Amino acid sequence: MYRFHESKVDTRLFMQLQDLTTVLSGNAQLQFENSYGSFVDIADNKITASRFWDKLDIETKTAGTKSDVLLRTVGTMMETHIPTMQTFKEDVSELMIPKFANQIITILEDIRLEEIIRKNRPGSKQWFEKRHQFFQRYFQTQLQSNITRSYATDELFCMIYLLIHADGPDPSFPRVPQAQLDMLEKLKPYLYRVFEAKKTLDNTNLCLSIVRLIQAADYKDSIHEYFVFPIGHIEVYEKNTLFDELTRTDDVVNDDEQWLDEDDENEYFDETFSTWHRENKNENRNQNFLQFELEQGTKTNMMGGGARETEDADQAMASVQGSSVQSKQQDYSDKETLSKQEEQQSGSSGSEFGKENEDAVMLIEKADPPSLEHQEKYDQYLMEIDPYKRKLAKTIQLTLEHKRNFPRTELLFGRLSKKLLPIIVDESPRVFYKKEQESKEFDAVFTLLIDCSASMVNKMEETKRGVVLFHEVLKELRIPHEIIGFWEDANEVKANYQPNYLQYIHELKDSLYENNGAKIMQLEPQEDNRDGFSIRYITKQLMKRNEKNKFLLVFSDGEPAASGYDQNGILDTHQAVTEARKHHIDVIGMFLANGEIQEKNDTTMKNIYGKERIMIPHVEELPEHFTPLLKRLLLKAM
């Protein structure tokens, strides 16, 4: 999750909402965001859910945000008539209470859209029920608050919402002034007509009637803004619906015209055309057959847009890519179709390391030869971690020996056991056993990423002690591993340039025969940390390795923090971890604290690494926490 104005967003839910936005809108370019209010903005390619839900319980939060996305994708995008709403905005701009009017049209139109969604998608009913249950409690509370503060217009808005969403007729409103009750009685004939609205025009006419009646009673505009207008940048759209706006085809740039004589039979060219055009190159072959998308050219009176005559080759191609029936001919299942290529291209973020890291540049540093001081300090650490090292190494060796020699029994084939009673007793006797074949080495590789940001200043020395244990155990078991520090140099950050450093202490290529342990002492706190970028870079390197088991351990003390990374840093890091796990790389986050672990720290690590996280309250306890973790990973790699 990421931090924004002290509010937090669950990264798992965020990614679900992004997928929901993409699927329901049918447009992979639309991005989901949490914002002030729920609206759809095609101009900026985004759909938002209200941050109002952020601080609620997870069940209400899930229902609220998902219902927001449904209302804007399946509802507003597909069903709301844009020209009608544009006219409404123009009319409202001339009124004295535009904020109130925008909120009224939003709730009226949402009622109409919700009925359409409930009918077409019955599974969404539970989300809307949860949404209404919460809003009824919320507006009851807001009504009492507005009465106390004498916010007449806000008070009236709460009464309108509670009336049209009431479970029974004529709900009571205690403590409400009689003048407000009289105004609500005048509005009831209009409000009850909302359930008869069949199109956007019905709701806009109804809303204008309500607003003019309220304005005539000298009401001022509302103080609070509970709902925002559901369409952003509405003035720039030209089509009837936002879906049409997404799929529209703009006219050519130039306005040249040429009239051709249709009776002239000689005006044709007997020539074969390829799927390339100088006006629009067909790059990556992402168009089928003869398709052109021209933006420049001369308009003529020649017929166009008609159906193309089919050919035998078309049908052959269709049988390969268009049919889901298994073919007895050649198997094309491993071939990528053009549609798959388009999906991959539309899903790309513009940078192989994520859109948040488009300006990030990776710089590699190699550790210097250790000084005498570093060697002495390393020897001291060796003595301190020696009990943990010997205990862990002995446990692993005994377990490995046990696994090599312990026979597997009750098999259907193998060596004949001395226990032959199952031949008489069982219908399917299992009287054979096997011994495990001896394995000389672990089929695993380890990478340890160490956060070298400035916030690690009070934790680095104890972190080094844990890294020494990591290095010594793996070296004794002859398991390839690497130790890397990472940070971003905040002092060198410029526009379109964010330098990030990887400091290689111990490299995979020489991890089994070089003694680089003392170089660990060169790890020092630096500047910022862009975790997602570093994790993606290391993931790319580990994917080139042939080992069966790949482990990436990330030592950190909390949230990523770097230039332009504070808002989406945790989300980007979570996505980097998810991508690594999809490539069969086990990623474990290790949180280092300076005392008691706060709930927000645990929540942060959970949203980045999920269950695969180790929370260490005191850094000096690192070896004690690290030992069982390393044991578990090594046993997995056997």
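All values reported here derive from a predicted model rather than from experimental measurement.

Peer 1: Talk me through the pairing of strand β12 (residues 444-451); I want residue IDs and the actual numbers.
Peer 2: The element β12 is largely enclosed, with a buried count of eight among its eight residues. Burial along β12 is two-sided: the residues Ala444, Phe446, Leu448 and Ile450 and Val445, Thr447, Leu449 and Asp451 are all buried. When β12 meets strand β15 (residues 549-556), the two strands line up parallel, connected through seven bridges. The residue of β15 that forms the bridge with phenylalanine 446 is phenylalanine 551. Where β12 meets strand β13 (residues 481-488), six bridges bridge the pair, whose relative direction is parallel. Along β13, the bridge assignment pairs aspartate 451 with phenylalanine 486.

Peer 1: Let's hear about the environment of leucine 630: which residues, and what values?
Peer 2: Tracing the chain through its elements places leucine 630 in helix α18 (residues 622-636). We classify leucine 630 as buried; its relative accessible area is 1%. Measuring from C-alpha to C-alpha, the distance between leucine 630 and leucine 392 comes to 8.5 Å, with 238 residues separating the pair along the chain. Once you skip the residues sitting within four places of it in the chain, leucine 630 turns out to touch Leu392, Phe446, Phe470, Val473 and Leu474.

Peer 1: Hey, could you go over the sheet that holds strand β8 (residues 360-366) for me, with residue numbers and the actual values?
Peer 2: Pairing is mixed in the open sheet, where seven strands are placed in the order β8-β14-β13-β12-β15-β16-β17. Across the chains shown, the open sheet's two edge strands, defined by having one partner strand only, are β8 and β17 (613-616). Across the sheet, the mean angle from the axis of one strand to that of its neighbour is 20 degrees, orientation sign disregarded. In this fold α18 packs onto β12, β15, β16 (585-592) and β17, with an angle of close to 165 degrees to the strand it touches most, β15.

About the thresholds
- Residues numbered from 1 in each chain as written.
- Predicted model: local features only at pLDDT ≥ 70, side-chain atom pairs only at ≥ 80, totals over all residues.
- Heavy atoms only, no water.
- Buried < 20%, exposed > 50% of the residue type's maximum accessible area, 1.4 Å probe, protein only.
- Helix = DSSP H or I, 4+ residues; strand = E, 2+ residues; numbered from the N terminus.
- Pairing = 2+ DSSP bridges.
- Contact = heavy atoms within 4.5 Å.
- Axes fitted to C-alpha atoms, helices over the stretch in contact; angles between N-to-C directions.

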